Amino acid sequence: MVKKTIQVVLRARPTAKPAESQCIVPGNKTLSVKDPKQREQEYQFTFDNVLQNASQDEVYQACADDLVDTVLSGCNATILAYGQTGAGKTYTMTGGKADYKQRGLIPRSIHKVFAGLKKHLQSTCTIRVNYLEIYNEQCYDLLDISTQPSDIAVIEDSKDRVIIKGIAAPLVSTEAEALQYLFEGTANRMVAEHQLNRESSRSHTIFSIMLERSTGAEGDEVIVSKLNLVDLAGSERISKTKSEGTVLKEAQQINKSLSFLEQVVIVALSVRGRDHIPYRSSKLTHMLKDSLGGNCKTLMVACIWGEVAQLEETTSTCRFAQRMRCVANDFIVNVRKEPTAVIRKYEQDIAELQQELAMHDSLTERHQITYGQYTDAQKAEVSVQVQAFLQSEDVPDSIAPLQLVSLRHMKEVLIAAKALYRQVSAQSAGTPAAEQMSEKEGVSAQSPPVTSTSHADVIEGEAVGDLEHGTEHSGIPMAPADARPPSITRVLAPSTSQSEPGVPGSNGFSPAISSFQQAPPDQQAAFEQYKQGAGALKAGLLADNKAKLRQAKQHARELSLAINGTKHQIDALKASEEAALMDQAADSEAAPSSPSQQSKELKGLYREQYSELHMVKAEADYTQKLVEQCMQELVQDFQDWYAATYAQLPPEPEDVLQSSTSDPALHASTSMPEQELLTSKGRPQINVLPPDLADEEAVAYYDAQHGLQGKMSTLKRGMQGTRRRPAIAKF
């Protein structure tokens with residue numbers, strides 16, 4: 001067991017206007033901050049490492065490289081990013097989207113895991129991943145957004161280890177597949193916009209990589225380890241973010257969960273001798289129980305924003321980081337015995353014990369003693385001995401001719417006695433034992449035997465359902481005459497010694513057989529057939545998404561009309577107020593009018609309607625993208641189905657979907673022209689520069705980005721009850 005405190009690495013976000021009252025000394029690994037309100041007050045914080053203007057690769061080498069090696073050796077590890085909103089936590093963990101070189105700690109850690117497992121080719125390795133989101137104190141599975149929060153539970157096993165039930169944990173065999181799950185989950189994450197961040201994370205996320213690697217001479221031991229990569233949502237000051245509505249409620253939940261995290265670290269873990277630690281105060285602290293003071297090697301990346309306006313948040317982040325450095329974890333190599341190996345060990349122990357018994361019997365001259373299963377002959381011999389014992393005269397304290405030589409022998413004696421007792425009881429009741437047994441098995445002993453008729457005895461003209469001759473009242477009803485299927489005659493052409501490919505009848509079958517093969521149908525008819533058959537699910541989802549899009553656009557039009565009406569009322573009220581003010585100025589004795597309350601109510605209604613219109617438009621844009629993606633996948637799947645069914649090249653999409661493009665509802669549901677959408681071969685491509693084929697990590701990253709388009713859960717997104725909302729804020 002290794003005891004080590006949590007490491008803390010400080011990363012400063014690059015800024016063009018650094019605060020003069022903030023001084024970073026990378027060599028001494030310290031940060032000095034002067035209180036903006038009290039210039040004489042200066043705070044100095046020490047970290048395990050300080051990164052300023054560091055690249056993503058430098059951050060990985062300083063933070064994650066050593067921990068990934070720890071996971072490969074069999075220990076658990078956790079990396080979590082903490083800091084204020086807009087400080088670069090998500091960029092540190094996931095990376096930028098524009099450039100491959102900007103990938104964060106999670107993609108680089110995935111590459112290191114697969115590269116490290118290549119060194120253990122002699123052992124069997126399995127890798128699983130899961131991606132969990134905590135949004136408004138509810139858990140969501142980012143890899144399967146159809147899973148409801150009520151289906152996910154956080155429990156503890158008998159060894160106080162935290163287990164999350166109800167989330168998907170798929171097996172991954174390649175680096176590209178793991179990255180694909182990462183990108184898919186990141187796309188499902190909840191984000192919004194406020195004053196300090198255009199894409200602010202509104203939830204905490206935990207991406208976990210679980211490893212199992214067999215070791216030992218016969219693979220009887222399994223090393224189990226887990227790497228948790230935690231991206232915490234940033235703490236927010238409402239006075240700076242200016243959040244309102246839904247974004248405000250999300251900020252309150254984020255600050256609440258982070259305050260519980262601080263309570264666990266500051267109040268409980270950093271104080272020695274405390275009995276109770278409130279891990280269950282929130283979902284976040286409960287899930288991080290093993291990472292905070294448990295069997296795990298943990299590192300925290302404290303992200304700060306070194307500007308004058310953010311000095312208070314910087315000081316708060318550094319204070320929490322100092323407390324985190326006081327928390328000690330005890331981590332060990334997690335090894336468990338393989339169940340098959342345990343069974344083999346038990347079998348070996350049993351064989352050795354049986355050998356010891358045999359040796360003991362030979363030394364005590366106890367011969368012909370069996371400890372295993374008795375044979376039929378041995379059971380018959382025991383039954384004879386039991387009968388002799390029951391029929392013998394009563395002799396006090398004697399069981400002759402029985403000899404109880406072992407526990408197995410005693411069991412066989414009791415079983416034989418029970419069988420004899422049942423036989424005698426059945427005979428005394430007047431029912432043969434065989435018949436009594438047959439009744440228990442559900443077979444009547446009085447039923448006549450069933451006679452089987454061979455194929456040669458069947459009279460010509462008989463068919464299934466006809467009564468056999470001479471077997472009337474057999475209980476089998478006769479099927480009606482019109483129930484027989486029409487006879488189908490297969491005519492085989494005489495086989496030839498040589499067959500020419502492509503010549504009708506040369507494959508050994510006559511033209512009568514080849515007449516069953518149908519010519520490929522018209523492309524439009526084939527597409528309609530596909531939508532009603534194999535593609536019915538996606539076609540239905542496409543129709544549902546179109547209906548949702550039409551409803552969203554209709555709602556947007558209604559809101560626009562309502563907003564215009566409210567605006568006209570505001571203008572009319574404003575004109576009347578101005579006229580009243582002019583009349584009041586002309587007549588000094590007139591009482592002042594006060595229509596300001598009505599004006600405030602109308603303006604408030606106008607703001608609410610305008611905010612709702614923004615939300616509806618964003619939802620319509622999101623649904624429109626789903627329609628486009630659904631259409632692209634439907635076209636691609638139809639082409640694959642057509643090629644597989646009719647063994648021909650797939651038709652051109654613009655020829656296939658002429659009727660669909662003529663549908664006015666479809667034109668109203670897409671942002672680009674339908675012909676342009678359908679003529680694009682395959683699925684859309686992401687703007688990623690082609691990688692260097694010599695760089696395996698770059699190739700895997702590139703493949704995952706492209707494979708994401710084919711694996712994006714369009715079916716799940718089209719389901720009812722999905723919770724994702726557009727990234728829009730209220731101001």
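Placed above this text is the structure.
Residues numbered from 1 in each chain as written. Predicted model: local features only at pLDDT ≥ 70, side-chain atom pairs only at ≥ 80, totals over all residues. Heavy atoms only, no water.

## Comments concerning the overall build of the protein
Of the regular secondary structure elements, the protein holds 23 helices and 19 strands. The 731 residues of the protein split such that 38% are buried. Sequence-distant contacts in the protein: of pairs separated by 6 or more residues, those separated by 24 or more amount to 71%. When the accessible surface of the protein is summed, it comes to about 42,200 Å², and 53% of that surface belongs to carbon and sulfur atoms. (Helix = DSSP H or I, 4+ residues; strand = E, 2+ residues; numbered from the N terminus. Buried < 20%, exposed > 50% of the residue type's maximum accessible area, 1.4 Å probe, protein only. Contact = heavy atoms within 4.5 Å. Areas by Shrake-Rupley, 256 points an atom, 1.4 Å probe, with all protein chains shown as cover.)

## Overview of empty space enclosed by the protein
Scanning the model with the defined rule gives five cavities of 30 Å³ or more in all. One number sums up the size of the largest cavity: a volume of about 70 Å³. Lining the largest cavity are Ile134, Tyr135, Asn136, Glu137, Arg202, Ser203, His204, Glu250, Gln253, Ile254 and Ser257. Within the residue set of the lining of the largest cavity, elements represented by two or more residues are β8 (125-135) and α7 (246-269). Per element, the largest residue contribution to the lining of the largest cavity is four residues, and it comes from α7. Counted by class, the lining of the largest cavity contains three nonpolar, five polar and three charged residues. (1 Å grid on protein atoms, 1.4 Å probe; cavity = no way out; pocket = protein on both sides within 12 Å on 5 of 7 lines; lining within 4 Å. Points joined across faces, edges and corners; volume = space filled by probe spheres on them. Nonpolar A, V, L, I, M, F, W, Y, C, P; charged D, E, K, R; others polar.)

## Re the pattern of salt bridges
Applying the stated criterion across every chain yields a total of 22 salt bridges. In this structure, the salt-bridge partner of Arg336 is Glu212, at a minimum N-O distance of 3.4 Å. You can see Arg336 sitting in strand β19 (residues 335-337) and its partner Glu212 sitting in strand β15 (residues 204-215), a full 124 residues away along the chain. Note on Arg336: relative accessible area 36%, which makes it partly exposed. Owing to a relative accessible area of 32%, Glu212 belongs among the partly exposed residues under this scheme. Between Lys567 and Asp571 there is a salt bridge, and its shortest N-O distance comes to 3.0 Å. (Salt bridge = Lys/Arg side-chain N within 4 Å of Asp/Glu carboxyl O.)

## Some points on the layout of surface pockets
Here the second largest pocket defines a volume of roughly 1,200 Å³. Residue lining of the second largest pocket: 41 residues in total, with Asn76, Arg161, Val162, Val224 and Lys226 positioned closest to the centre. Where the lining of the second largest pocket is concerned, the elements lending two or more residues are β8, β11 (162-165), β15, β16 (221-231) and β19. Split by residue class, the lining of the second largest pocket holds 19 nonpolar, 12 polar and 10 charged.

## Regarding the sheet that holds strand β3 (residues 22-25)
Spatially, three strands are ordered β3-β4-β5 in an open sheet, and the strand pairing comes out antiparallel. The open sheet has two edge strands, β3 and β5 (42-46), and neither has a second partner. The sheet shows a mean angle of 15° between the axes of neighbouring strands, direction not considered. Bridge count for strand β4 (residues 30-34) against β5 is five bridges, and the pairing is antiparallel. Looking across to β5, one finds that Leu31 is bridged to Phe45. The sheet strands contacting helix α9 (residues 311-324) are β3, β4 and β5, and the helix crosses β5 at an angle near 45°. (Pairing = 2+ DSSP bridges. Axes fitted to C-alpha atoms, helices over the stretch in contact; angles between N-to-C directions.)

## Observations regarding the packing of aromatic side chains
Applying the stated rule across the entire model yields 10 aromatic pairs. Between the aromatic rings of Tyr131 and Phe207, the centroid separation amounts to 5.2 Å while the plane-to-plane angle is 90°, which identifies the pairing as edge-to-face. Separated by 76 residues along the polypeptide, Tyr131 in strand β8 and Phe207 in strand β15 bring together distant segments of the chain. Ring geometry for Tyr606 against Tyr610: centres 6.2 Å apart, planes inclined by 15°, an arrangement best described as stacked. Residue Tyr606 and its partner Tyr610 are located together in helix α17 (residues 596-646), separated by four residues, close to a single helical turn. Relative accessible area serves as the criterion here: at 40%, Tyr610 is assigned to the partly exposed category. Seen from the ring of Trp305, Arg13 lies directly overhead, with NZ or CZ sitting 4.1 Å from the centre. Here the basic side chain of Arg103 rests over the ring of Tyr100, its NZ or CZ set 4.1 Å away from the ring centre. (Phe/Tyr/Trp six-rings, centres within 6.5 Å; stacked < 30°, edge-to-face > 60°. Lys NZ or Arg CZ within 6 Å of the ring centre and 35° of its normal.)

## Quick look at the packing of helix α4 (residues 105-117) against helix α5 (residues 175-187)
Where α4 meets α5, the axes come as close as 10 Å, and the angle between the chain directions of the two elements is 155°. As the angle between them shows, α4 and α5 are arranged roughly antiparallel. Our pair here, α4 against α5, has a crossing hand that is right-handed. Each of Ile106, Pro107, Ile110, His111 and Phe114 in α4 lies in contact with α5, whose residues at this interface are Glu175, Ala178, Leu179 and Leu182. (Parallel < 35°, antiparallel > 145°, perpendicular 65-115°, else oblique. Left-handed = near helix turned anticlockwise from the far one by under 90°.)

## Looking at a nonpolar patch on the surface
A contiguous nonpolar surface patch, about 360 Å² in accessible area, is contributed by Ile399, Leu404, Leu407 and Met410. A relative accessible area of 58% means that Leu407 is categorised as exposed. (Patch = residues over 30% accessible without salt bridge, like charges linked within 9 Å, V, L, I, M, F, W, Y side chains within 5 Å.)

## Remarks on the nonpolar core
If you look at the biggest cluster of nonpolar residues, it comprises 47 residues, and the most contacted ones within it are Ile79, Ile110, Phe207 and Ile209. Residues within four places of Ile110 in sequence aside, it is in contact with Glu175, Ala178, Leu179, Leu182, Phe207 and Ile209. Among the nonpolar cores identified, the runner-up in size contains 44 residues, and Ile6, Leu31, Leu132 and Met287 belong to it. (Core = buried A, V, L, I, M, F, W, Y, C linked by side-chain atoms within 4.5 Å.)

## Some points on α4
Taking 1.5 Å per residue as the helical rise, α4 with its 13 residues ought to reach 18 Å, and the 18 Å between its terminal C-alpha atoms agrees with that figure. Counting buried positions along α4 gives 11 out of 13 residues, so the element sits mostly inside the fold. When we look at burial in α4, the residues that qualify are Leu105, Ile106, Pro107, Arg108, Ser109, Ile110, Lys112, Val113, Phe114, Gly116 and Leu117. (Expected span 1.5 Å × (residues − 1).)

## Points about the environment of Phe638
Tracing the chain through its elements places Phe638 in helix α17. Spatially, the C-alpha atom of Phe638 lies 6.9 Å from that of Tyr530, the residues being 108 residues apart in sequence.

## Topic: the packing of helix α1 (residues 56-63) against α4
Two elements in contact, α1 and α4, have axes whose closest approach is 10 Å; the angle formed by their N-to-C orientations is 60°. Here α1 lies oblique to α4, going by the angle between them. With respect to the hand of their crossing, α1 and α4 are arranged in right-handed fashion. Judged by residue contacts, Gln56, Asp57, Val59, Tyr60 and Cys63 of α1 engage Leu105, Arg108, Ser109 and Lys112 from α4. The residue inventory of the contact of α1 with α4, partitioned by class, reads four nonpolar, two polar and three charged.

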